[in-house]
Each structure stands twice: as structure tokens, then as C-alpha cells.
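# Observations on the model geometry
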Amino acid sequence: MSADPVPSTDEERLAQLGYQQELHRRLSGFSNFAVSFSIISILAGAITSYGIAMTAGGPLAITVGWVFVGIMVTFVALAMAEVCSAYPTAGALYWWAAALAKRNKAAWAWFVGWFNFLGEVAVTAAIDFGAAITTSAFLGLTFDMEVTAGRTFLIFLVIIVVHGLLNTFGVSLVRLLSDVSAWWHLVGVAVIVVLLAVIPDNHKPISEVFFEVRNETGFTFAGAGAYAVLIGLLMAQYTYTGYDASAHVAEETHDAARAAPRGIVMSVVVSLIAGFVLLFAITWAIQDYEAERTTELGLPPAQIFIDAVGHNLGTFLLFICMVAQWFCGMASVTANSRMAYAFARDGALPGSRLWKQVNPRTGTPTNSIWLCVTISTILVLPSLWNTTAYLAATSIAVIGLYIAYVGPVLLRRLSSDFQPGPWNLGRWSAPIGWIAIVWVVIICVMFILPTASPITASTFNYTIVAVVVVVGAAAVWWFASARKWFTGPRQNLLEKAAHGEQTMPAPPE
């Protein structure tokens, strides 16, 4: 056991880890869960990427695939949660990597941190751009607005700027809206499921909902159907991202060593169950598979809603999804900015002195919020011309996040003196951890496979290029410069003491 005394408060535990409490601790355990649950957002990821699985794999990939991927992701979440309980800091993944590595601590922190930072920025971009696509479809249905790339980008700009402003000035409102978001998702799913179950005169046979395979990828080789199902699993895997948010807001959560890991796991488990019910209902309500897959609305679930329950009710169901996606993006900006703040606090971002500043009135990292908003907007800019670069950014987001997720899990498995926190897996820790590691290796391979045939410049999966660019850039910067000055997490209590500064009392709750 550790020789350190058991801390009686969150602030004391944070001080043991070397940090003074600067952010305001205002989040309850439910609020912590709500942030991650809102970012996973089954009404965002599962809706905007539903067409991927309709094309590759069909209903089998959508329903059974969702459950299978959800179970595997639960193993990843459990393994992450155990580490989070031991180290409840805003730095989360990269901080854990530095704490657990036996050698090259700074290098582990550097690479895990950059994968996490870039992955979170890209996911924020993907969420708000998906919200813009859904909003465009909604406006097209309600006001006959012509959907264009330029208009969709302008809607994206409005959405992400509002999210930035809310996180900057509406701190209490953001906390309230995160709680509202969790209930909006659960009640919204219930409404969608009931209406899609009761109103349509015709439903797809249950056997087809679970076991029908569709292959519209263009691949015709032997076993192409099974290959298509594997590609279709990416719909679920893309949706199950962002639950590390519970760890990033740990320094703002009461009883963080228990509440943050619980938030990580429960956000995945609840999403698995509610998402399955939602996807079953949508797939069961399909009236004309091919027409809905290729709809001009650009969003197959929107067409399924309209065909199943009529124009007005279908538009209402789309409205439920649109609001949920707006909540999702707001929570993503919150988590993204906290990770950027913590990374800057440890000197890893260019201009760290600027990005680590905390607004003394609101207790939020205002500059980091707008850094994340700006970079996310830059990532979406190529959508004005084509979607290839944007799709590559989305793919690297998922791979980047999962590499960051599993890096500390691997180090924890290789560490013989890890001291578990109050929330731990006991004797199940090793099997769960190794299953998580193997699954992440599998999905990293799946995400770089070709997704359509024939393979051309417009259908080529650029994810491998994006992975190489990110890894290469981080490696070049590390060996050329960062290894000389980046020492890993900087403990601000020690820095303040070294400079003779007085530590301030914890901010009011």
C-alpha cells in the first residue's frame, strides 16, 4: 500500500498529485456522467453515421454490431476508469501515462497527450459539423431551404461559436444544460422508439432487423459481405467516443476518485442499452431501404422518420436529434478545453502560458476554449470544397482517441506497483485490461482498410495518411526540440513553492 495518508478531500488528493485546486468544483456525480453521455450522444453519432452501416453491413452491422462493439468498448471504459480513480486530474490520459511509465515518462506523456488533444479537437469538429448537417436537413424540411456546402458551414460556425460563448460566460448554464442533455437523450430516445413502433403500418421482419446483411460497398470478392459488416462496425465505434470527458472534468467534480470513473463506465453502458433500443426501432421502421439509404436529404434516418410516421412527425423526430447534437457539441467543447488547459499547464502546447490561464471570475480556462473552437473550425474548412480531408480528420479522431485511451491501460498492465484508487477492478483488472488493448489494436487496423470499390482518389481511405502525418509530426517535434524541454506533467504546487509564491485556498464550490 501507498505510504501516503488517505486524502479526506478532493483538494487534498489533488495536492498529493502536485496540483493546487484552480478550477471550481461544481459538478455532481450525475453531472460528470452527463458530460460523457452527452458527448457519446447516441442521437448524434448513431444518427449522422447510420448511413455508413446501411451501405456496409446493413441491419446486422447496425443492431448486433452495436451491441458487440458496445461490449468491447465497455472493457476499454472499465480499464480506463480504474486508472482514473487512482489519478483524478484534468490531464487524464497523458498524465496517467507519465505516472505509470517506468522509463521515458516524458515521451509517453507527449505522444499520448498529442493523440488525445488532436483526437478531441477533431471529434469536436465532427460533432458540430454533424449537428450542422442535421440542422440543414431540418431547415430544408421546415423552410424548404436549399442545402449547400456554404450554408452548412455557416450553420456550423454559428453552432460552434455559441458553444464557445456558453462555455466562456454561461458556466452555471453549461452545468445545468449538461444535466438536461442526459434527460433529453433518454426521453428523446423513448419518444422516437414509441412513435416508430406504433405509427407505421409496416415494419421490417424482426429476423431481418438483426441478421440481414447488405453490401453496397462495391466489393464483390468472396467474403465481401463479412468484410462489409466489419466496415459497418465503424458506425458504432465512432459513436462510442468522448467518454474520457469524465476524467477531464475530474478537477471540477465532487468525490472525483469515485464519481469520475463511474461516469466513464456508466456513460458507455447506458449508451449501449439506449442506443440499441434506438437503432432497433429505426431499422425496424425502414420502409424502402435503398431509397432511404440514398436520400437527397443526405441523412438516411431523417428519410426513415418521414417515410415511417409522416412529414410533420418525422420532422419533429429530427428536431429531437438536432437538439441532442447541439447539447453534444457543447459538452465536447467543455471537455476539449479542459484537456487543452491541462496540457498547456504542463507546457506541452505552443503558447502554453496563454492557454493555461484560468478566468478568476468564472473558474474556466477561457483561452483554451477558444483555441479548441478555432482549431475545430480550421479542420472543417475543407468541407467547403470536398469531404475527403474532413472524413480523414474524423477517422484520425477516433484512432487518435483510442490510442490515447489504451496507452495508459497498457502501461498499467506493465506496472507492478500500481496503487489502485477507491474504484478498482480487483482480480478482474488484468483480463479486462488485455481485452481492451487487443480490441483497440483491431479497430486501428479496421479503420485504415478500404471502404469502397473501385478505389479512386475520392474513395481512398486517407486515414492511414492522417495517422502517419500525426505520428510523424509529433515524433519530429519531439526529437528535434520537445525532448530537450518537455519533462512531462508539471506540478504547479512545486513550481509555486520554488518561486516563493503563496498557494491560494481552494475556489468556492
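Per chain, residue numbering runs from 1 following the sequence as it is written. With the structure being a predicted model, the display of local features is reserved for residues of pLDDT at least 70 and the display and counting of side-chain atom pairs for 80 or more, all residues being used for whole-chain, interface and lining totals. Side-chain measures here rest on the full set of heavy atoms in the structure, leaving out hydrogens and waters.

### Section: the overall build of the protein
- A run of DSSP states H or I qualifies as a helix once it reaches four residues; a run of E qualifies as a strand once it reaches two. Both are numbered from the N-terminal end. The helix and strand tally for the protein stands at 23 helices and two strands.
- Only C-alpha atoms enter the radius of gyration, while the globule expectation follows 2.2 Å times N to the 0.38, with N the number of residues. What you see for the protein is a C-alpha radius of gyration of 22 Å, in line with the 23 Å of a compact globule of 509 residues.
- Taking the principal axes of the C-alpha coordinates as reference, the protein spans close to 70 × 45 × 45 Å.
- Within the protein, buried positions represent 59% of all 509 residues.
- When checking whether two residues touch, look at their non-hydrogen atoms; a contact exists if any pair is within 4.5 Å. A separation of at least 24 residues holds for 83% of the contacts in the protein among residues at least 6 apart in sequence. Only protein chains enter the calculation, and the probe is 1.4 Å; a residue is then buried if its accessible area is under 20% of its type maximum, exposed if over 50%, and partly exposed in between.

### Concerning helix α5 (residues 64-86)
- In a regular helix each residue adds 1.5 Å, so 23 residues correspond to 33 Å; α5 covers 34 Å between its end C-alpha atoms and thus fits that length.
- Most of α5 sits inside the fold, with 18 of its 23 residues counted as buried. For a helix, the expected span equals 1.5 Å multiplied by the number of residues minus one.

### Focus: the nonpolar core
- Here, the term nonpolar core denotes a set of buried Ala, Val, Leu, Ile, Met, Phe, Trp, Tyr and Cys residues that are joined through side-chain atoms within 4.5 Å. Core analysis: the biggest nonpolar cluster contains 150 residues, and W96, L196, Y243 and Y402 have the highest contact counts within it.
- Residues contacting W96, with those up to four places away along its chain left out, are M80, V83, C84, Y87, A247 and P408.

### Things to note about the packing of α5 against helix α6 (residues 93-100)
- In the contact formed by α5 and α6, the axes pass within 10 Å of each other and the chain directions differ by 75°. Our classification of the angle between α5 and α6 gives roughly perpendicular. Where α5 approaches α6, its residues M80, V83 and C84 are matched on the opposing element by L93, W96 and L100.
- When the residues that make up the contact of α5 with α6 are grouped by side-chain class, the tally is six nonpolar, no polar and no charged. Lines fitted to C-alpha atoms define the axes, with helix axes restricted to the stretch in contact, and inter-axis angles between N-to-C directions lie between 0 and 180 degrees. When describing relative orientation, an angle under 35 degrees is termed roughly parallel and one over 145 degrees roughly antiparallel, while 65 to 115 degrees is termed roughly perpendicular and anything else oblique. Residue polarity is assigned by list, with Asp, Glu, Lys and Arg as charged and Ala, Val, Leu, Ile, Met, Phe, Trp, Tyr, Cys and Pro as nonpolar; anything else, Gly included, falls into the polar class.

### Digging into a nonpolar patch on the surface
- Patch membership is restricted to residues that have no salt bridge and whose relative accessible area is over 30%. Joining uses 9 Å for like charges and 5 Å for the nonpolar side chains Val, Leu, Ile, Met, Phe, Trp and Tyr. The Shrake-Rupley method, run with a 1.4 Å probe, gives the accessible areas here. Residue values count only the displayed protein chains as cover. For salt bridges, the criterion is a side-chain nitrogen of Lys or Arg within 4 Å of an Asp or Glu carboxyl oxygen. Taken together, the side chains of I448, I455, F460, I464, V465, V468 and V469 define a hydrophobic patch exposed on the protein surface, amounting to about 560 Å² of accessible area.
- With respect to the secondary-structure elements, V465 resides in helix α22 (residues 463-485).

### Description of the side chain of T168
- Examined against the element boundaries, T168 turns out to sit in helix α8 (residues 149-169).
- Setting aside its immediate chain neighbours within four residues, T168 contacts T362, T364, T366, I369 and W370.

### Details of unusual backbone geometry
- Look at the link from S453 to P454: it is a cis peptide, with omega at 0°.
- Here P454 shows up in the loop between α21 (429-446) and α22.

### Regarding the packing of aromatic side chains
- Pairing of aromatic rings covers Phe, Tyr and the six-membered ring of Trp, with a centre-to-centre limit of 6.5 Å; geometry is then stacked below 30 degrees between planes, edge-to-face above 60, and tilted otherwise. By the definition in use, this model includes 36 aromatic pairs.
- Look at F111 and W478: their rings are 6.5 Å apart centre to centre, the planes differ by 55°, and that puts the pair in the tilted class. Of the two residues, F111 is situated in helix α7 (residues 105-143) and W478 in helix α22; the sequence distance between them amounts to 367 residues.
- Look at F111 and you get partly exposed, because its relative accessible area is 22%.
- Taken together, Y94, W110, F111, W114, F117, F343, W477, W478, W485 and F486 form an aromatic cluster joined through their ring pairs.
- Looking at R214, its charged tip hangs above the ring of Y289, at a distance of 4.0 Å from the centre. We count a charge as sitting over a ring when the NZ of a lysine or the CZ of an arginine lies within 6 Å of the ring centre and within 35 degrees of the ring normal.

### Points about the packing of α7 against α8
- Close contact between α7 and α8 brings their axes to 8 Å; oriented N to C, the two are set at 125°. On the basis of the axis angle, α7 is oblique to α8. Both α7 and α8 take part in a crossing whose hand is right-handed. Contact with α7, carried on its side by T124, A125, D128, F129, A131, A132, I133, T135, S136 and L139, involves T152, I155, F156, I159, I160 and H163 of α8 and no other residues of that element.
- Per-class residue counts for the contact of α7 with α8 are ten nonpolar, five polar and one charged. A clockwise turn of the near helix away from the far one marks a right-handed crossing, whereas an anticlockwise turn of less than a right angle marks a left-handed crossing.

### A word on the confidence of the model for the protein
- The predicted model of the protein has a mean per-residue pLDDT of 89, with 93% of residues at 70 or higher.
- Note: pLDDT gives the predictor's confidence per residue, expressed from 0 to 100. Per-residue pLDDT, averaged within each element of the protein, yields its smallest value for helix α23 (residues 492-498) (51) and its largest for helix α4 (residues 59-62) (98).
- In the predicted structure, residues 1-6 sits below a pLDDT of 50 and forms four contacts with residues beyond four places in sequence or in another chain.
- pLDDT under 50 marks residues 502-509. Its contacts with residues more than four places away, or in other chains, come to 14 contacts.

### Points about α7
- The end-to-end C-alpha distance of α7 is 56 Å, a good match for the 57 Å that 39 residues give at a rise of 1.5 Å each.
- Of all 39 residues in α7, 31 are buried; the element is thus mostly enclosed.
- Phi turns positive one or two residues past the end of α7, at D144, with a value near 55°.

### Details of the environment of A236
- If you trace the backbone, A236 turns up in helix α12 (residues 234-239).
- Sequence spacing of A236 and G65 is 171 residues, and the spatial spacing of their C-alpha atoms is 7.3 Å.
- Setting aside residues no more than four positions away along its own chain, A236 makes contact with G65, W66 and V69.

### Quick look at the pattern of salt bridges
- With the rule as written, the count across this model stands at ten salt bridges.
- When the shortest N-O distance is used, the salt bridge between R338 and E252 registers 3.0 Å. One end of the pair, R338, is in helix α17 (residues 311-345); the other, E252, is in the loop between α13 (245-248) and α14 (256-284), with 86 residues separating them in the sequence. Neither R338 nor E252 differs from the other in exposure class; each is buried.
- Connected via shared salt-bridge partners are K204, E208, E212 and R214.

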